[in-house]
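For reference, the chains in residue letters:
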Amino acid sequence: MSPSLFAGFTKSLAMTALSEIGDRTFCVAAILAMRHPRNLVLAGCVASSVVMTLISSSLGWAAPNLISRKWSHHVTTILFFVFGILSLRESYKEDGDSDDELEEVEAELDADSNNKKSESKHKPKDDDDSKKHQRPFLIRFFSPVFVKAFSITLFGEWGDMSQIATIGLAADENPLGVVLGGVIAQALCTTAAVLGGKSLASKISEKMVGLLSGALFLVFGVMSLLSGPEG
């Protein structure tokens, strides 16, 4: 019996939404949208999320071809339990205040912006003139705001718990369903961050999100344990 497309979709949708809402990249998207055009920030963040989901799902899809489905299923089950416990543990350590995370992200973005401004002041005028001539051609393909949103989101998610969980989920469920669910959830979370801005991010309780994420991981672990390896 092949893994269900619907099961992969629903699990990926729920897992990604709870993992991403209110996290660091969510805050980054919210703050960038306050300083730059929202459509470019949204496009950059969503494009990065799509790439990350495709990479993770591809690795998960290849896993059963490298090791048996039985062992990949067991590893995925263990990952669900481990991530569930870690999420619950981290949520109990949270004080429930999201302002610290927002302030930290905002400070890092400000520092990066100030560094770029200081570097531009020390560059020769001839370099600036040459860049002005090159920019109209390059801007058709890559906007600086798009690239910034894309790169920050990509490197912020790389190696994150949600990425590893997506790899494990794609190894045990239908990869196409995992991709669709992950992309839709990422797009919804990013849209909420861009439209809602800093006010929405500050109202989200990280403690509650952590508790829900941990509970969901444990539920998936129990479901995976009861179902057994397929195929």
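Since this is a predicted model, take the numbers as computed values, not measurements.

Draft legend 1. Seen up close, the confidence of the model for the protein. When pLDDT is averaged along the protein, the result is 75; 71% of the residues meet or exceed 70. Taken as a whole, residues 127–138 scores under 50 in pLDDT and shows 3 contacts with residues more than four places along the chain or in a different chain.

Draft legend 2. Local environment of the nonpolar core. Within the largest apolar cluster, 12 residues are counted, these being Phe 26, Val 28, Ala 29, Ala 30, Leu 32, Ala 33, Val 41, Cys 45, Val 145, Ala 149, Ala 193 and Val 194. Of all the secondary structure elements, the ones that give two or more residues to this core are helix 2 (24–35), helix 3 (38–66), helix 7 (144–157) and helix 9 (175–203). Of the residues forming this core, the biggest block, 6 residues, is contributed by helix 2. Counting residues in each nonpolar core, the second largest holds 10 residues, with Phe 80, Leu 169, Phe 217 and Phe 220 among its members.

Draft legend 3. Representation of the environment of Ala 149 in the model. Inspection of the secondary structure puts Ala 149 in helix 7. For Ala 149, a relative accessible area of 0% corresponds to the buried category. Along the backbone, Ala 149 and Leu 42 are 107 residues apart, and their C-alpha atoms lie at a distance of 8.0 Å. If we ignore the near neighbours within four places in the chain, the residues touching Ala 149 are Leu 32, Val 41, Gly 44 and Cys 45.

Draft legend 4. Seen up close, the environment of Ile 31. Residue placement: Ile 31 occurs in helix 2. Using a relative accessible area of 1% as the deciding quantity, one classes Ile 31 as buried. Taking the C-alpha atoms as reference points, Ile 31 and Val 41, separated by 10 residues in sequence, lie 9.8 Å from one another.

Draft legend 5. A look at the pattern of salt bridges. Tallied over the full model, the rule gives 1 salt bridge. For the salt bridge of Glu 173 with Lys 11, the shortest nitrogen-to-oxygen distance reads 2.9 Å. Of this pair, Glu 173 sits in the loop between helix 8 (161–172) and helix 9 while Lys 11 is found in helix 1 (residues 5–20), placing the two residues 162 residues apart along the sequence.

Draft legend 6. Representation of the UniProt feature "transmembrane region" (unreviewed entry) in the protein within the structure. What UniProt calls "transmembrane region" (unreviewed entry) maps, in this numbering, to residues 40–59, 71–88, 137–156, 176–196 and 208–226. Helix and strand shares over residues 71–88 are 100% and 0% respectively, and the end C-alpha atoms of the span are 26 Å apart. Between the first and last C-alpha atoms of residues 176–196 the distance is 30 Å; the span itself is 100% helix and 0% strand.

Analysis parameters
- Residues numbered from 1 in each chain as written.
- Predicted model: local features only at pLDDT ≥ 70, side-chain atom pairs only at ≥ 80, totals over all residues.
- Heavy atoms only, no water.
- pLDDT = per-residue confidence, 0-100.
- Contact = heavy atoms within 4.5 Å.
- Core = buried A, V, L, I, M, F, W, Y, C linked by side-chain atoms within 4.5 Å.
- Buried < 20%, exposed > 50% of the residue type's maximum accessible area, 1.4 Å probe, protein only.
- Helix = DSSP H or I, 4+ residues; strand = E, 2+ residues; numbered from the N terminus.
- Salt bridge = Lys/Arg side-chain N within 4 Å of Asp/Glu carboxyl O.
- UniProt positions renumbered as here; feature names shortened; annotations may be inferred.

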